[in-house]
Amino acid sequence: MGALVLVLGAGLTLSLTGCSTLAHWSQAAGGHLALVRAARPVPDWLADPATPPALAERLRLSQQIRDFASAQLALPDNNSYRRYADLGRPAVVWNVVAAPAFDLQLKTWCYPLMGCAGYQGWFDRAAAQRVADALQAEGWEVQVQAIPAYSTLGWSRFLGGDPLLSTFIRYPDGELAAMMFHELAHQRVYVADDTGFNEAYATAVELLGAQAWLADQPDARATFNQGRARREAFLTLAREGRQRLQAAYAGAPEARAEAKAAILDDLRARAPREAPGYEAWFQRANNASFAILSAYDELVPAFQQLFEREGRDWPRFHAAVQALQPLPRDARRATLRGQGGPDEPDPAPRQTR
């Protein structure tokens, strides 16, 4: 298979070579090969009389979205999302994320080609939980997150491309498009060792791309916008919580535990009013939750502004993002934000093993 890298779900990451343990390497390789074997070309599913009509409709829609991605958004034109696999489970992988008890810096794992990332993916839920339990025993705050999709950064084109999956094919129209645009964006630009940059770029592409796809679909656009408005309310409360926790952790060490508990209690009490639908997230939230969320959220406005500066021209936008790739991390962010010097500290993963 060569050096195959999997970037998981709304961009999360897993490597098939050079992993920290043989167990992780072997489960990653086996898990992806099983996925490849399960995937069949979309035309085969459509020609099969056993395919449920509702699934056939979603598959036809997915191909319209796929064509739009390349023709209108300048995303890679390859064999990704031209095959479909029914996994028979709620997630394709489960990601382990961890952070210290009084810090919002993610623990990282390092891999060949894609560098270091603040998560480790497992195709088996029980295996992910064992890793999480071991980290928790060491004092880390841990989350195991169900991931619906991943990108191989284009490497799997030799194996049929990244497949459509049963874990997300029934998403509402706008969210299905957003998911596909996000993962294809990882194939367009990917910077090793810069999770926040990669995920914010892909998130900006999904948001801008979904609005373009839904421009002449008022009902689907209204549904998408309502869902994203609820998510923005959640992000607003989560950002506030993250900022308050950062301030508490910078204070007197003897006061951190009490301050942290008070902040989390306040967020959980307010969530039903201010972030309805996300109460469960706040109930189980810990430092790992806030830290991984920032990777997707922090730089999105800067990418949206870059899109506007490039005249809303997709090829120019992608080219401008790609031009940032060779820069050092701080300079990359400063340039992205239109600043002249190094930018402020960012909650990016610290390299820890």
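A short tour of the structure in this document, coming up. Because the structure is a prediction, the values reported are computed rather than measured. (Residues numbered from 1 in each chain as written. Predicted model: local features only at pLDDT ≥ 70, side-chain atom pairs only at ≥ 80, totals over all residues. Heavy atoms only, no water.)

1. A closer look at the pairing of strand β9 (residues 141-147)
Buried residues dominate β9, accounting for 5 of its 7 residues. Two strands pair when backbone bridges link them, and strand β5 (residues 93-99) and β9 are joined in this way by 7 bridges, in the antiparallel orientation. By the bridge assignment, Ala 98 is partnered in β9 with Val 142. (Buried < 20%, exposed > 50% of the residue type's maximum accessible area, 1.4 Å probe, protein only. Helix = DSSP H or I, 4+ residues; strand = E, 2+ residues; numbered from the N terminus. Pairing = 2+ DSSP bridges.)

2. What about the pattern of salt bridges?
Going through the model one piece at a time under the given rule, you end up with 20 salt bridges. Put simply, Asp 194 and Arg 332 hold a salt bridge, and the shortest N to O gap is 2.4 Å. Of this pair, Asp 194 sits in the loop between α5 (173-188) and α6 (195-213) while Arg 332 sits in helix α13 (residues 329-336), and the two are 138 residues apart along the sequence. Across the pair, Arg 332 and Asp 194 agree in class, each one buried. (Salt bridge = Lys/Arg side-chain N within 4 Å of Asp/Glu carboxyl O.)

3. What to know about the pairing of β5
Of all 7 residues making up β5, 7 are buried, and the element is well covered by its neighbours. Where burial is concerned, the two faces of β5 agree: the one with Val 93, Asn 95, Val 97 and Ala 99 and the one with Trp 94, Val 96 and Ala 98 are both buried. Summarising the sheet, β5 and strand β8 (residues 120-122) pair through 3 bridges and their orientation is antiparallel. Its bridge partner being in β8, Val 96 is matched across the sheet by Gln 120.

4. Considerations on the packing of aromatic side chains
Applying the stated criterion across every chain yields a total of 17 aromatic pairs. Ring centres of Phe 307 and Trp 314 lie 4.7 Å apart, and the angle between their planes is 55°; on these two criteria the pair is classed as tilted. With relative accessibility at 8%, the residue Trp 314 sits in the buried group. Every member of this aromatic cluster is reached through a ring pair, and the members are Phe 197, Tyr 201, Phe 303, Phe 307, Trp 314 and Phe 317. One cation-aromatic arrangement involves Arg 40 over Trp 45; the distance from NZ or CZ to the ring centre is 4.4 Å. Note that Arg 332 overlies the ring of Phe 197, its terminal NZ or CZ placed 5.5 Å from the centroid. (Phe/Tyr/Trp six-rings, centres within 6.5 Å; stacked < 30°, edge-to-face > 60°. Lys NZ or Arg CZ within 6 Å of the ring centre and 35° of its normal.)

5. Overview of the sheet that holds β9
The 3 strands are arranged β8-β5-β9 in an open sheet whose pairing can be described as antiparallel. Unpaired on one side and paired on the other, β8 and β9 mark the two borders of the sheet. Recorded for the sheet is a direction-independent mean angle of 25° between the axes of neighbouring strands. (Axes fitted to C-alpha atoms, helices over the stretch in contact; angles between N-to-C directions.)

Remember, this is a structural readout, not a statement about activity or role.
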